[in-house]
Amino acid sequence: MAKEYETVIGLEVHVELATKTKIFCSCSTEFGGAPNTHTCPVCTGMPGSLPVLNKQVVEYAAAVGLATNCTITQYCKFDRKNYFYPDNPQNYQISQLYLPICRDGKVEIETEAGTKNIGIHEIHMEEDAGKLVHDEWEDVSVVDYNRSGVPLIEIVSEPDMRSADEVIAYLEKLRMIVQYLGASDCKLNEGSMRADVNLSVREVGAKEFGTRTEMKNLNSFKAIARAIEGERERQIDLLEAGEKVIQETRRWDDTKGESYPMRSKEDAQDYRYFPEPDLVPIVISDEWLKEIKDRQPELQTEKMIRYKEEYDIPEYDAKIITGHKKLADIFEATTKLCNKPKKVSNWLMVETMRLLKENDMEPEDITFSPKNLATLIELTEAGTINSSVAKEVFEEVFKKDIDPNQYVEEKGLKTVNDEGALRATIEQVMKENPQSVEDYRNGKEKAIGFLVGQTMKAMKGKANPGMVNKILKELL
Ligand SMILES: [Zn+2]
């Protein structure tokens, strides 16, 4: 009988915090910028320069910890992680090992299999490294230190996940929490959220964990899901062949659908961690912690309950909309402008979701403004445009954030309510389709649908469908 295997997955998620300045100096954290322009002696590791901790980093880290049910370490410290790499000018990274700021948290995830808690081992603060750019044409490697010293938190989960579905649900949950807190924009494609996957397999029922590998270079949820499937298969094949899984870091190549070994996985002792001598310990007083707690914004669950009560929208809609901060922000701003919560919710739930899926986009990528969606809703409600024209206009709003008023005017899309014009068109359609007219008169009521369709076509979709139906029935 074939053996059955269980996949055991733990995640290390790095999140770049949305502070204006770096963790230990006052350089800008802005993404992009000409190479090495957001730098100073501190973040380029010049001898004699001293780090000064950015208070906002501690507050964001604690806020994420509170929202993920962690215990906050009120006396915590930084440690030095020593290693040499050209993107790391100090030859060490300031991180936390012995007393990380948050410990023992959990988040609840939901998959098709139901709800489950995923434990959070710890969250620690650290600085990001610079970026190496390998230029194959010039045959040189250059380094950009703009990212060096950008604040990060690393969220380390327990090995509680068993499938790609659970991993994605966990990442989506973390992203939602961090975005609600305003602690980061969590863009996987810009690297402001990065996930390393630790994965091992074991026979179902086994008590011991198998040997794990770590996979890096995963910059989309889809790549993560594929990497998990690929690595699970690779490890099972090794075990089935009587071979051993080697503990190592592997790079996932998403286009080839294969992973390659990068280096053998190091342990903490390889880094010769020791307490950072240039920074004093951080003491988070009860008062400070209370201030941070009091400042926590409304999170998803509270928002969902409020939406149902305040806006009277179905629970299903409220859940999906509050599931993404961006959607919730658009929903609230648009509703404020047009005061039609159910209509706003419909546009978000149906057309917006459809276009996001078709264009392989995330809600974070939405660029249309609440103002233009509100205008579109008002035009529809006033009967200025009909629903099929509204869908066409919305596609333009979604793509280019156009002003619906101007667009409808320019393209001549206003609904034709002119009874004379409608009547003339309908008479023409009836003349051209005598069979349908006869069918209807002989009791085939469905035939009217075809005639309505032909009339709408003749009017280029701009006729008022209610009036077309009414006039058709009179004439028939
Ligand atoms: Zn600096």
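Calculation criteria
Residues numbered from 1 in each chain as written. Predicted model: local features only at pLDDT ≥ 70, side-chain atom pairs only at ≥ 80, totals over all residues. Heavy atoms only, no water. Buried < 20%, exposed > 50% of the residue type's maximum accessible area, 1.4 Å probe, protein only. Helix = DSSP H or I, 4+ residues; strand = E, 2+ residues; numbered from the N terminus. Arc of directions from axis to C-beta. Contact = heavy atoms within 4.5 Å. Polar contact = N/O pair within 3.5 Å; in protein donor to acceptor, adjacent residues only side chain to side chain. Domains from an automatic or database assignment. Buried area = accessible area lost by both parts, 1.4 Å probe. Salt bridge = Lys/Arg side-chain N within 4 Å of Asp/Glu carboxyl O. Nonpolar A, V, L, I, M, F, W, Y, C, P; charged D, E, K, R; others polar. Donors = N, O, S within 2.8 Å, 3.2 Å for Na, K, Ca; no water.

Listing the buried residues of helix α11 (residues 404-411) in full gives P404, Y407 and V408. The buried residues of α11 occupy one face: seen down the axis, they fall within an arc of 95°. Along α11, exposed side chains directed more than 90 degrees from the buried face belong to E409 and E410. Those residues of α11 that are buried are in contact with α9 (370-381) and α10 (387-400). Between a side-chain oxygen at the N-terminus of α11 and the backbone nitrogen of N405 the separation is 3.1 Å; the capping residue is D403.

Let's shift gears to the domain arrangement of the chain. Here the chain is partitioned into domain 1 (5-287), domain 2 (301-411) and domain 3 (419-475). Here the C-alpha centre of domain 2 lies 35 Å away from the C-alpha centre of domain 1. Counting from both sides, the interface comprises six residues of domain 1 and, opposite them, 10 residues of domain 2. Note on domain 1 versus domain 2: buried area summed over both sides is about 770 Å², and carbon and sulfur give 43% of it. In terms of surface lost to domain 2, no three residues of domain 1 exceed R175, Q179 and Y180, which account for 62% of the buried area on that side. One salt bridge connects R175 with E362, and the closest N-O pair in it is separated by 3.3 Å. Across the domain 1-domain 2 interface, the total number found is five residue pairs in polar contact (both at pLDDT 80 or more). For the side of domain 1 that touches domain 2, a count of residues per class yields two nonpolar, one polar and three charged.

Glancing now at the coordination of the zinc ion. Ligation of the zinc ion by protein atoms is provided by C25 (SG), C27 (SG), C40 (SG) and C43 (SG), these donors lying 2.3 to 2.4 Å from the ion. Classification of C27 as buried rests on a relative accessible area of 9%. Of the residues examined, C43 reaches a relative accessible area of 5% and is grouped as buried.

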